[in-house]
Amino acid sequence: MEKPIVVSGIRPTGYLHLGNYFGAVRNFIRMQNDYTCYFFIADIHSLTTHPTPTNLQAGVKQVLAEYLACGIDPEKSTIFIQSDVPEVTELYTLLNMNAYLGELERTTSFKDKARKNPDNVNAGLLTYPVLMAADIIIHKAQFVPVGKDQEQNLEMARKFAARFNRMYNNELFPIPRPFTFDGKDMIKVPGLDGSGKMGKSEGNAINLCEDPKSIRKKVMRAVTDLGPTEPNSKKAEPVENLFTLMKIVSAPETVAHFESLYNSCEIRYGDMKKQLAEDIISYTDPIRNKINDILADTDYLTKVARMGAERARESAAKTLSEVKSLIGIKSLF
Ligand code: TRP
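Criteria and thresholds
- Residues numbered from 1 in each chain as written.
- Predicted model: local features only at pLDDT ≥ 70, side-chain atom pairs only at ≥ 80, totals over all residues.
- Heavy atoms only, no water.
- Axes fitted to C-alpha atoms, helices over the stretch in contact; angles between N-to-C directions.
- Helix = DSSP H or I, 4+ residues; strand = E, 2+ residues; numbered from the N terminus.
- Parallel < 35°, antiparallel > 145°, perpendicular 65-115°, else oblique.
- Left-handed = near helix turned anticlockwise from the far one by under 90°.
- Contact = heavy atoms within 4.5 Å.
- Nonpolar A, V, L, I, M, F, W, Y, C, P; charged D, E, K, R; others polar.
- Domains from an automatic or database assignment.
- Buried area = accessible area lost by both parts, 1.4 Å probe.
- Salt bridge = Lys/Arg side-chain N within 4 Å of Asp/Glu carboxyl O.
- Phe/Tyr/Trp six-rings, centres within 6.5 Å; stacked < 30°, edge-to-face > 60°.
- Buried < 20%, exposed > 50% of the residue type's maximum accessible area, 1.4 Å probe, protein only.
- Lys NZ or Arg CZ within 6 Å of the ring centre and 35° of its normal.

1. Thoughts on the packing of helix H7 (residues 128–137) against helix H8 (residues 151–167)
Turning to step 1, where the next piece is worked out: For the pair H7 and H8, interaxial distance at closest approach is 8 Å and the crossing angle is 70 degrees. With respect to H8, the axis of H7 lies roughly perpendicular. H7 and H8 meet at a crossing whose hand is right-handed. Along its contact with H7, which presents Tyr128, Pro129, Val130, Met132, Ala133, Ile136 and Ile137, the element H8 presents Asn153, Leu154, Met156, Ala157, Phe160 and Ala161.
Turning to step 2, where the next piece is worked out: Across the contact of H7 with H8, the residue classes break down as twelve nonpolar, one polar and no charged.

2. What to know about the domain arrangement of the protein chain
Turning to step 1, where the next piece is worked out: As assigned here, the protein chain comprises domain 1 (5–186 + 298–327) and domain 2 (212–292).
Turning to step 2, where the next piece is worked out: Placing the centre of domain 1 and that of domain 2 at their C-alpha centroids yields a distance of 36 Å.
Turning to step 3, where the next piece is worked out: Facing the seven residues of domain 1 at the interface are seven residues of domain 2.
Turning to step 4, where the next piece is worked out: With both sides pooled, the region where domain 1 packs onto domain 2 buries about 660 Å², and carbon together with sulfur makes up 83% of that total.
Turning to step 5, where the next piece is worked out: Considering only the surface of domain 1 that becomes buried against domain 2, Leu18, Phe22 and Ala69 emerge as the three largest contributors, covering 63% of it.
Turning to step 6, where the next piece is worked out: The interface formed by domain 1 and domain 2 holds zero salt bridges in total.

3. So, the packing of aromatic side chains
Turning to step 1, where the next piece is worked out: Evaluated as defined, the whole model comprises eleven aromatic pairs.
Turning to step 2, where the next piece is worked out: With centroids separated by 5.6 Å and ring planes inclined at 90 degrees, the aromatic side chains of Phe143 and Phe179 adopt a geometry described as edge-to-face. Of this pair, Phe143 sits in strand E4 (residues 143–144) while Phe179 sits in the loop between strand E5 (177–178) and helix H9 (212–220), and the two are 36 residues apart along the sequence. For the residue pair Phe143 and Phe179, the accessibility class agrees, reading buried in each case.
Turning to step 3, where the next piece is worked out: Of note, Lys235 hangs over the ring of Phe243, and the distance from its end group to the ring centre comes to 4.5 Å.
Turning to step 4, where the next piece is worked out: The positively charged end of Lys235 is found above the aromatic ring belonging to Tyr262, 5.2 Å away from the centroid.

Here it is, written out as structure tokens:
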């Protein structure tokens, strides 16, 4: 039986952090066996914020190396760079003819970005969901693993796919569905700022490629409280978060040791943080080394990107020619 098709895009901005590692990335890795996966680096999407050529190029290499280091297997999944597949931008142009100003302007992420950067409300930002829809439907994806912030964009992709099918009285595009993982299966990594989860924009994250010195500094600055005054008292959220992090990266005996110090009101958060920092360093060390090894191996990166582009183009070109023929774009020669 054919495996269901999954597409997901990653913007080449910033570094992967521990929260991503135990969240989205881990889910991608697991999906590789049971789904036909297309994972790509959305470099064209990232142009809406005008990165310098140097930064863009470095960002693309960095995410590619990070995802490979985390376990995306280029033999199992198709991993590619969006701009290596020009069929996507061609489909985007065609879809734009049936995407309406009103619906694009009403998108929350467009409104947010326009409000935050009133001097850069460009057309690419407005049509961001159209390009994203092209990314998804060009491979006839059935599932898209997305976080909360991308749900509305996926809703738009569903709308554009259905609209095309209706307009041309066809069922070319499956309507892509959000892929959500079982809650009990997820490890939620808390941030270091005392509340909520680890996130890039929250500024409370530890990156996978973070150097040991910087990890120590960040962990030592993590929010705690004044310490328990009664035995076996309930932990406040910032302290609970430190324990949660420790459970993820440290040995069970280490966690038990600090639990018991907490319960007997003898805990010194400084000691706990020192231990936690060292355990985070040991945990991330092999990943960090792997990222750096891959980054240094330009031949390997080139080979992976070329192989991915080839496979993605094959799938994309097939859909695009079906689309063009339905629309009535036919070559006269
Ligand atoms: N917009 C997504 C993000 O910001 C990235 C993205 C681009 C994407 N195209 C996609 C995600 C297609 C899923 C499917 O994270």
